[in-house]
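# A look at the structure
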Amino acid sequence: MSEKSTQLSPEKALLEAKGKNYKLPIYDGTLGPDVIDVRSLSGAGTFTYDPGFVSTAACESKITFIDGENGILLYRGYPISELAAHSDYMEVCYLLMNGELPNQTEKDTFIATIKNHTMVHDQMATFFKGFRRDAHPMAIMVGVVGALSAFYHDSLDIKNPEHREIAAFRLVAKMPTIAAMCYNYSIGLPFMFPLNRLSYAGNFIHMMFDTPCDEPREPNPVIEKAMDRIFMLHADHEQNASTSTVRMAGSSGANPFACIAAGIAALWGPAHGGANEAVVNMLEDIGDVSNIPKYVARAKDKDDDFRLMGFGHRVYKNYDPRAKVMRETCHEVLKELGNGNDRLFETALELERIALEDEYFIAKKLYPNVDFYSGIILRAIGIPSNMFTVIFALSRCVGWISHWNEMIGDPQLRIARPRQLYTGPVQREYVPITKR
Ligand code: SDX
């Protein structure tokens, strides 16, 4: 625990358990709940119990702060609403990785460095050939990103800050290239080389939708800004499941490419990053606003495991601040593309209105989250739903690698190794099969 940013509270947490009394240190962060340091309990033969880590701070971090009750999200202290309005993804990447906003020279140098690494080793294209064309792009992405460690032996010494930095640059730079390769492979089109004169978002749109037969088109500025904003809104989010997975993998000393591949795998689930794809599939299933009451009733039915995708959050018990920005962006994109009365968007708006007035959702504090509108935007741009989580992974890579760097750079790093409450059989003698 780095004392310089945490305050050892003068108070102690007093715990009495099974006739023993414990005085546990309390640490105060700069924002949010304080923490009780329970590390000494293991020596006393007692563990804390917190499946799903609802009440557990697994680490100290300076990167992102979330206030779920008040719908606040800060990247290195800057509100997401201000960054979405005034910044861009490259600046946010610099901020998350370095802790401060760059000046113009620092920003230009950072962008130039990223552009130096947008291409992938030519032999990486052969990895794709091992996949069926109809493989889910996330399955391809997990494999290909993990395979990056087979190419970059020159930057795998995680104790070397320069190696950590070049690995971070390579990952942020190459994720759009690999994501677009996943898409082009799935539709049988050739891979597109990056076009470094374009912006990060513009280059991604180029690699996704241009072909070698066309002159590269200038991206539509409204679509380019919407894509950049989607990248920004998904860039980081504290100790979510995939970021915690990256930290867990990194704590063993695994190389950064393997750790990011582990994060991609964790993000894929529909309860996490896979929700944006599940939202659009759900809206398609609902079909017409007249069917909404039936689906809301199913979401409330304890005997039905159906949930409203894009609603609810482990931390936000108020409106996800990213969802507000995403809804505005949705309006802008649909207006620009001339399908302002997009059936799916209409259904989403009506579903949101009904759910926010429903006692069940109000009582359980279930609000739309970042995934509720992002899929509608991506679909309107022409991106298939099986690519939505790939784009989430692309965006979140900078958050993952920033947390990885923060953890590996911590001199107090220990391998993450949770314990358990064992409820299995007590020790017993082996019984030969002839006597069972
Ligand atoms: C992301 O952690 C992050 O920061 C994630 C993320 C990020 O940027 O990294 O923000 C990205 O993953 C956003 C979440 C995307 N997932 C979805 O939209 C899937 C639908 N939402 C849920 O499955 C759920 O809300 C979770 C997984 C998001 C949160 O689950 P929790 O915190 O474990 O809450 P819970 O499952 O214990 O639910 C509490 C209650 C339950 O009812 P009771 O058992 O108390 O009676 O609320 C109900 C749940 O049944 N509930 C829902 C619901 N979500 C929770 N009921 C209907 N529809 C829903 N969507």
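The sections below set out a description of the structure shown in this document. (Residues numbered from 1 in each chain as written. Predicted model: local features only at pLDDT ≥ 70, side-chain atom pairs only at ≥ 80, totals over all residues. Heavy atoms only, no water.)

### Quick notes on helix H7 (residues 200-209)
Defined as follows: Three labels apply to residues, based on accessible area from a 1.4 Å probe with only protein chains included: buried if under 20% of the type maximum, exposed if over 50%, partly exposed otherwise in between. Secondary structure is summarised from DSSP: a helix means a run of H or I of at least four residues, a strand means a run of E of at least two, and numbering begins at the N terminus for each. Whether two residues touch is decided by their heavy atoms; if any such pair falls within 4.5 Å, the residues are in contact.
Of all ten residues making up H7, nine are buried, and the element is well covered by its neighbours. Listing the buried residues of H7 in full gives Tyr200, Ala201, Gly202, Asn203, Phe204, Ile205, His206, Met207 and Met208. In the core, the buried residues of H7 are packed alongside helix H2 (89-98), helix H3 (104-115), helix H6 (161-186), helix H8 (221-233) and helix H17 (388-408).

### With respect to the pairing of strand E1 (residues 7-17)
Rule in force here: Note on pairing: DSSP must find at least two bridges between two strands before they are called paired.
Across eight bridges, E1 lies against strand E2 (residues 20-28) in antiparallel orientation. Its bridge partner being in E2, Leu15 is matched across the sheet by Tyr22. Taking the residues that link successive antiparallel strands as the turn, the E1-E2 hairpin has two residues, and the phi of Lys18 there is positive, at about 50°.

### A look at the packing of aromatic side chains
The description of an aromatic ring pair rests on the distance of the ring centres and on the angle between the ring planes. Put simply, the rule reads: Working definition: rings of Phe, Tyr and Trp (its six-membered ring) pair if their centres are within 6.5 Å, and the pair is stacked with planes under 30 degrees apart, edge-to-face with planes over 60 apart, and tilted otherwise. As a reminder, the over-ring test applies to NZ of lysine and CZ of arginine, requiring each to be within 6 Å of the ring centre and within 35 degrees of the ring normal.
Summed over the entire model, instances satisfying the criterion amount to 18 aromatic pairs. Judged by centre distance (5.9 Å) and plane angle (65°), the rings of Phe204 and Phe231 are edge-to-face. Of this pair, Phe204 sits in helix H7 while Phe231 sits in helix H8, and the two are 27 residues apart along the sequence. Among the residues examined, Phe231 registers a relative accessible area of 0% and is labelled buried. The structure contains a cluster of three or more aromatic residues connected by ring pairs, namely Phe311, Phe345, Tyr360, Phe361, Phe372 and Tyr373. In this structure, Arg133 is placed above the aromatic ring of Tyr185, and the distance from its NZ or CZ to the ring centre is 4.1 Å.

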